[in-house]
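Residue-level structure breakdown
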Amino acid sequence: MILFVLCFVLFMIGLYGVILQRNLIKIIIGLAIMEYSVYLFLILIGYVKGGTVPIISDFFENGPFVDPLPQALVLTAIVIGLATKALLLSVAIRLYKHYGTFDIRKMNNLKG
Amino acid sequence: MISPHGMTIIVKKICQFIAPTIFLFGIYISVYGHLSPGGGFAGGVIMASAFILQILSDGSLLEKLKSERWRLELSESLSIFSFLILAVLGLLLAGTAVFFGNFLPPGKLGQLISGGFIPIGNLIIGIEVCASMTLIFVALIIFKDEESE
Amino acid sequence: MGSLLPLYIIIPLGTAFLTLIFGRWLHNLGKYLIIPAMLFLTGLTIYFVSQIPQTVVYRVGGFADVLNIPVAIFLVADGLTNILLLIISIVGLLVALYSLSYTKQYTGETKFYALFCLMLAGMYGVVIAGDIFNLFVFLEIASIASYTLVAFGIEKQQLEATFKYQVLGGVSSLIILSAIGFIYWTTGTLNLADIARQLPQVKSFQLFVSVLLIGGFGLKAALVPFHSWLPDAHSSAPSPISAMLSGVLIKAVGAYVIIRLFFNIFQINYQIAMTITVLGTLSMIVGVFLAIGQWDFKRLLAYHSISQMGYVVLGIGIGLLVLATGGQEKVAILAITGGLFHMLNHSIFKALLFLNAGSVEYRTGTRDLKRLGGLAEKMPITSGSSFVASMAISGIPPFNGFFSKVVIIFAAIQAGYYWLAFFAVVVSIVTLASFTKVQKYAFYGELPAKYENVKESPFGMSLSMTILAILCLIMSLLIIPGVREIFLKPAVDVLMDASKYSVKVIGL
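This structure is a prediction, so every number in the text was calculated from the model and none was measured. (Residues numbered from 1 in each chain as written. Chains lettered and ligands numbered in written order. Predicted model: local features only at pLDDT ≥ 70, side-chain atom pairs only at ≥ 80, totals over all residues.)

Now for the overall build of chain C. Across its full length, chain C carries 19 helices and 2 strands. A globule of 508 residues ought to have a C-alpha radius of gyration of about 23 Å, and chain C, at 22 Å, matches this closely. Residue pairs in contact within chain C that sit at least 24 positions apart in sequence constitute 79% of those at least 6 positions apart. (Helix = DSSP H or I, 4+ residues; strand = E, 2+ residues; numbered from the N terminus. Rg over C-alpha atoms; globule rule 2.2 N^0.38 Å. Contact = placed C-beta atoms within 7 Å.)

Encoded structure:
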């Protein structure tokens, strides 16, 4: 149970970064932290106490397996997160080129 | 920022030894994806790290990176397109006739050549991830260096 | 028939990657490929609609069910998906036609068409996905392609808009992902039909998961407390992309998923129905009042998108409320029909309005209404079609917007929610006022001297605008009895037989 609470705390730390930070790179880092908390949560869902690797083979004992499906989900989500982060960083670099700063308070072309 | 001359000779020499080993390890992870933890994505990332290591240690001219970019883009698109073809082949061949149908014989459990088209798919994904990771790295460097000029 | 379903994913993806591979040598390949691909998909959709409405199920990979547990990835098409497939195909085809001339101002046209196809693949995937995780993956494909397309011109405004859009979109994706985690935790399955079967036995977390899902998909659909990204992103994007985003994307990845989840998957309950209705009403009112003060043509249209999506969600919400409180089934049917019909209509006229704004910007170089004027004689097709679309969005008969709004208002009155009906009428009047302003400042009044030499937009752009304007009229025929049975009724039936979804898909 404590682990789920810690996941939630991590999520909130990320949300704090996204909402309250003023630096583009820090916002991206906040988003990444939120993402990792969700991945951890998904992995925790699939965890079975004392479970082994979910591979059917001669090398591994056939004990209780941990659930492999959340792991597959997390792998897919990591790939998606990678694409989003790369795109966000390139946009941040372009914005830096236009404004000469990472501070979002200086970027105010869009209003209303 | 990438300097055109790279790092010192010690770093260069060590990287020359390490990078091929990393690359081989990446291929191993990709190919054994259906038997052990790993698979296309993890293997591809490891393969890409070999390339990134080389670029970082040896250094590169901006023009050279720019000219490499389209090749990376091409290999990325080609590998993803061949993965799509692999999936469509399952639809077209008479044995399975479903999208993503596994049209190759399953083989014996635990052997390297088994699992039908899954090892092929893993290898293709590995190449695609390798190309796209290197591409992201190269593209970010190009953006950054264009900005500083 | 079921074996045709994967084509909706194969063809856009194949087009995208073929364009990318050969684009370096054949610069116009994207243009040549996209029109046949979209024509084929539109034909396929019309074939699907023309069949007797039935639920089509396709198991990717051909895995059979094991011990009654569906293990394959499902693709599902039924009456409700047909509506969305038709919206995506028709608007996608016409916007592609429009882009042929419009994208000449950009370098890297190949990438534009490749990303366009990826976005289409993502939206088709969201609509036909039969399990919630693949829905999420396709949603991300569509979203990432749209983030990139918003920033296609790489100017200050577009980059700023796309950053905002991406951060909020990323947060909403994470909320959706954690909701998927909770669903898997409590039910042990990801298949939508199987979830619908398992959920009645699960008591814990249901309300919490519903709230998470409303938050996540509400952000994607730009309902009011979560709307702040939409005006920036939709007004900064290239005009064909604005038309796709406003016309299709927020419906396919936002409204459709909300409708599907809260009718077919979750059990209808009063709190959720009330939340959805309140969100719809708020979007309807706040969106239109924010739109009044705008002088940027596309920004004004973007705010109206929020308001019109409010109508769609309001119709759906009234339907849910009536079903939850055990009211008359007839009223629920009326409300849901209104909501779905308005979704269809809005995609047509809002796409048309954005294309009009694009034409004006293409020829004059500005979208500031104060600096425009008198374009009616110089650009007769643009001004005529924008007149049609303005009348349709403000609900003037005989255009399609009138009929769907009237159906929603009647449903609200019959269900006893007189205030909601009153708000719907008021918002409609304010919309009319706002579009009178657009017409007056952009197309009538005095022509500024520097626009003396403005010409009508190129042929492809004019053609697609004309077709959309004609569709605005034809769509009103869909509501008359007889025609209604072919198209709208099957979709409403899917939602009314809420509990039968799992029976139809996995046969349990």
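Below, the discussion takes up the overall build of chain A. Tallying secondary structure elements over chain A gives 3 helices and 0 strands in all. Ordered by position from the N terminus, the helices and strands of chain A form the series α-α-α. What you see for chain A is a C-alpha radius of gyration of 19 Å, clearly larger than the 13 Å of a compact globule of 112 residues, by over 25%. Taking all 112 residues of chain A together, the buried fraction comes to 27%. Relative to all contacts within chain A whose residues are 6 or more apart in sequence, the contacts with residues 24 or more apart total 45%. (Buried ≥ 20, exposed ≤ 12 C-beta atoms within 10 Å, placed from the backbone.)

The next point concerns the interface of chain B and chain A. Taken residue by residue, the interface counts 10 residues in chain B and 13 residues in chain A. It is helix α4 (residues 118-148) of chain B that contributes the most residues to the side of chain B that touches chain A, 6 residues altogether. Tallied by class, the residues present in the side of chain B that touches chain A amount to 6 nonpolar, 2 polar and 2 charged. (Nonpolar A, V, L, I, M, F, W, Y, C, P; charged D, E, K, R; others polar.)

Residues and elements named next belong to chain C. Of note, A237 is situated in the loop between α9 (229-236) and α10 (239-265). A tally of 27 C-beta atoms within 10 Å means that A237 is categorised as buried. As for A237 and T162, which are separated by 75 residues in sequence, their C-alpha atoms are 8.7 Å apart. For A237, the residues in contact, after removing those within four places along its chain, are L149, V150, S242 and L245.

What follows is about helix α2 (residues 40-58) of chain B. The periodicity of an α-helix, 3.6 residues per turn, causes residues three or four positions apart to be oriented the same way. Residue and element names in this part refer to chain B. Given a rise of 1.5 Å per residue, 19 residues ought to cover 27 Å, and the 27 Å separating the end C-alpha atoms of α2 matches this to within 8%. Those residues of α2 lying buried are G40, F41, A42, G43, G44, I46, M47, A48, A50, F51 and Q54. Backbone geometry just downstream of α2 places G59 in the positive-phi region, at approximately 75°. (Expected span 1.5 Å × (residues − 1).)

Quick look at the packing of helix α13 (residues 329-364) of chain C against helix α14 (residues 380-394) of chain C now. Residues and elements named next belong to chain C. It is the contact of α13 with α14, at a shortest axis distance of 9 Å, that shows an interaxial angle of 145°. Note that α13 runs across α14; the crossing there is left-handed. Facing N345, F349, L352, L353, N356, S359 and V360 of α13, the residues of α14 in contact are T382, S385, S386, A389, A392 and I393. Across the contact of α13 with α14, the residue classes break down as 7 nonpolar, 6 polar and no charged. (Axes fitted to C-alpha atoms, helices over the stretch in contact; angles between N-to-C directions. Left-handed = near helix turned anticlockwise from the far one by under 90°.)

Contacts between the two partners involve 26 residues from chain C and, on the opposite side, 25 residues from chain A. Where the side of chain C that touches chain A is concerned, the elements lending two or more residues are α5 (132-150) and α6 (156-187) of chain C. Among the elements that take part in the side of chain C that touches chain A, α6 of chain C stands out by supplying 17 residues, more than any other. In terms of residue class, the side of chain C that touches chain A is built from 15 nonpolar, 7 polar and 4 charged.

A word on the environment of I258 of chain C. Note on placement: I258 of chain C falls in helix α10. Along the primary structure I258 of chain C and S502 of chain C are separated by 244 residues, whereas in three dimensions their C-alpha atoms are 17 Å apart.

Another point: the packing of helix α4 (residues 109-128) of chain C against α5 of chain C. Helices that pack against each other are described as a pair by the angle of their axes relative to one another and the distance between those axes. Residues and elements named next belong to chain C. Orientation of α4 relative to α5, taken along the N-to-C sense of each, is 150°, at an axis distance of 8 Å. What the angle tells us is that α4 and α5 run roughly antiparallel. As for how α4 packs across α5, the hand of that crossing is left-handed. Facing L115, L118, M119, A121, G122, M123, G125 and V126 of α4, the residues of α5 in contact are L135, F138, L139, I141, A142, A145, S146, T148 and L149. For the contact of α4 with α5, a count of residues per class yields 13 nonpolar, 4 polar and no charged. (Parallel < 35°, antiparallel > 145°, perpendicular 65-115°, else oblique.)

Along its 19 residues, α5 of chain C runs 26 Å from first to last C-alpha, staying within 8% of the 27 Å computed at 1.5 Å per residue. Among the 19 residues of α5 of chain C, 18 are classified as buried, and the element is accordingly described as predominantly covered.

The biggest cluster of nonpolar side chains holds 235 residues, and the ones touching the most others in it are M123, V126, L352 and C472 of chain C. The residues contacting C472 of chain C, other than those within four sequence positions of it, are I348, F349, L352, V388, A389, A392, F399 and N400 of chain C. Counting 19 residues, the second-largest nonpolar core is a separate cluster that includes M47, F51, C130 and V138 of chain B. (Core = buried A, V, L, I, M, F, W, Y, C linked by C-beta atoms within 7 Å.)

Moving on, we get to the confidence of the model for chain C. Residue and element names in this part refer to chain C. Looking at chain C as a whole, the pLDDT averages 88, with 99% of positions reaching at least 70. The secondary structure element of chain C with the lowest average pLDDT is helix α19 (residues 501-506), at 80, and the one with the highest is α5, at 93. This complex was scored by the predictor with a pTM of 0.93 and an ipTM of 0.93. (pLDDT = per-residue confidence, 0-100.)

All names here are of chain C. Counting buried residues along strand β2 (residues 73-77), 4 of its 5 residues qualify, which places the element largely inside the surrounding structure. For strand β1 (residues 56-60) and β2, the ladder comprises 5 bridges, and the chain directions are antiparallel. Across the sheet, residue V60 finds its bridge partner in β2, namely I73. (Pairing = 2+ DSSP bridges.)

On to the confidence of the model for chain A. Overall, the predicted model of chain A reaches an average pLDDT of 86, with 91% of residues at or above 70. The lowest-confidence element of chain A is helix α3 (residues 68-99) of chain A, averaging 90 in pLDDT; the highest-confidence one is helix α2 (residues 24-46) of chain A, averaging 92.

Next up on the list: unusual backbone geometry. Residues and elements named next belong to chain C. Residue P398 is reached from P397 by a cis peptide bond, and omega for that bond is 5°. Structurally, the position occupied by P398 is in the loop between α14 and α15 (400-414). The phi dihedral of I154 falls on the positive side, at around 30°, and the residue is not glycine. Tracing the chain through its elements places I154 in the loop between α5 and α6.

Let's shift gears to the environment of Y32 of chain C. Residues and elements named next belong to chain C. With respect to the element layout, Y32 can be found in helix α2 (residues 29-50). The exposure class of Y32 is partly exposed, given the 13 C-beta atoms found within 10 Å. Separated by 68 residues in the primary sequence, Y32 and L100 have C-alpha atoms spaced 9.4 Å apart.

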